[in-house]
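Take a look at the letters that make up each chain.
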Amino acid sequence: MLVKGHHAIGQLLLLCWFNGWSGELRCIGSTAEEEEEEEEEEGSVGGLVTGDLLRKTPGLDDVTIGRINEKFKRKLLRETLDPEAGRSIDEVRVDHWQQSIHEEAAGACTRALASECYRVWKSSRLEALSLSPEIRALLRDLRTGGYKLLLLTNGESQTQREKIAATRCEDLFDAVVVGGEHAEQKPALSIFRHCFALLGTEAGRCVMVGDSLDTDIQGGSDAGVRATVWIENPGAPQDACTATPDYTTSTVLDLPGILGRIE
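Criteria and thresholds
- Residues numbered from 1 in each chain as written.
- Predicted model: local features only at pLDDT ≥ 70, side-chain atom pairs only at ≥ 80, totals over all residues.
- Heavy atoms only, no water.
- Buried < 20%, exposed > 50% of the residue type's maximum accessible area, 1.4 Å probe, protein only.
- Helix = DSSP H or I, 4+ residues; strand = E, 2+ residues; numbered from the N terminus.
- Right-handed = clockwise from strand over helix to strand, strands pointing away.
- Axes fitted to C-alpha atoms, helices over the stretch in contact; angles between N-to-C directions.
- Parallel < 35°, antiparallel > 145°, perpendicular 65-115°, else oblique.
- Left-handed = near helix turned anticlockwise from the far one by under 90°.
- Contact = heavy atoms within 4.5 Å.
- Nonpolar A, V, L, I, M, F, W, Y, C, P; charged D, E, K, R; others polar.
- Phe/Tyr/Trp six-rings, centres within 6.5 Å; stacked < 30°, edge-to-face > 60°.

1. Notes on the pairing of strand β4 (residues 148-153)
1) Next: In terms of residue burial, β4 counts as a mostly covered element, since 5 of its 6 residues are buried.
2) Next: Tracing the backbone out of β4, into helix α6 (residues 157-167) and back to the parallel element strand β5 (residues 175-178) gives a crossover that is right-handed.

Listed below in structure tokens is the structure:
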């Protein structure tokens, strides 16, 4: 979120997440629909590295390894995590690897191999995340100009915190809120109210920026923010949501101009 000086409107900016591959601000969600594009890209990077690992396992050829990686990605997209089950996201994802290997090559499947595949996949995934210099400069300029920024992202706590740490972006925001650490996530009104309270402001002085119509734009609108800004991604599947943003742009770098129009 962003709060600026004593201006009457547009003071609070809710920034979602960024696509670590392009450096654009994006939303990383907790549902398969929201994560599908991200997981496809990250799964491809991780798949190359885990492929090298699996080739060292006797009896696994490239075709079998390809099927194992595809099965893992599909399990990832259908993933659910029950906090009451007492299992970590790491344990769940090691299971994904173990099941995927067993389904294609039962004789090669061990828990140790699955654990190593997960470790390598996770490491390569986090190493590939980055925030472009242009986006870093934008966020710094907004704060220097008097705005307060809050990062609001849906998703499981450990996974999202690891991404935040990997990109070293936390110091660019005045506050960070991860939906998986709260009873409800976007677009629920409760998490927006929590964000407003963190920055000591009201909804009418806020602008919501995000790339998801159903979680970001609908959520911001329901919460009563001053304006919503949709970062449109033409290559991504379109939400079925009918929420209408106040402003639409293809890049978050247009944000200063949009804020000037809002004010």
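There's more to say after this.
2. Brief notes about the packing of helix α4 (residues 111-128) against α6
1) Next: Closest axis-to-axis distance for the α4/α6 pair is 8 Å, and the angle between their directions is 45°. Accordingly, the angle class assigned to the pair α4 and α6 is oblique. As α4 runs across α6, the sense of the crossing is right-handed. Together, Lys-122, Arg-125 and Leu-126 of α4 and Gln-158, Thr-159, Glu-162, Lys-163 and Ala-166 of α6 make up the contact between the two elements.
2) Next: Classifying every residue of the contact of α4 with α6 by side-chain character gives 2 nonpolar, 2 polar and 4 charged.

3. Quick notes on the packing of aromatic side chains
1) Next: In total, this model carries 3 aromatic pairs according to the counting rule given.
2) Next: Between the aromatic rings of Phe-72 and Trp-97, the centroid separation amounts to 4.0 Å while the plane-to-plane angle is 15°, which identifies the pairing as stacked. Taken together, the residues Phe-72 in helix α2 (residues 62-77) and Trp-97 in helix α3 (residues 89-104) connect sequence positions 25 residues apart.
3) Next: For Phe-72, a relative accessible area of 1% corresponds to the buried category.
4) Next: Considering the side-chain rings of Phe-72 and Trp-121, the 5.0 Å spacing of their centres and the 75° angle between planes classify their relative orientation as edge-to-face. One end of the pair, Phe-72, is in helix α2; the other, Trp-121, is in helix α4, and 49 residues separate them in sequence.
5) Next: Members of the aromatic cluster, connected to one another through ring pairs, are Phe-72, Trp-97, Tyr-118 and Trp-121.

Structural measurements only, silent on function.
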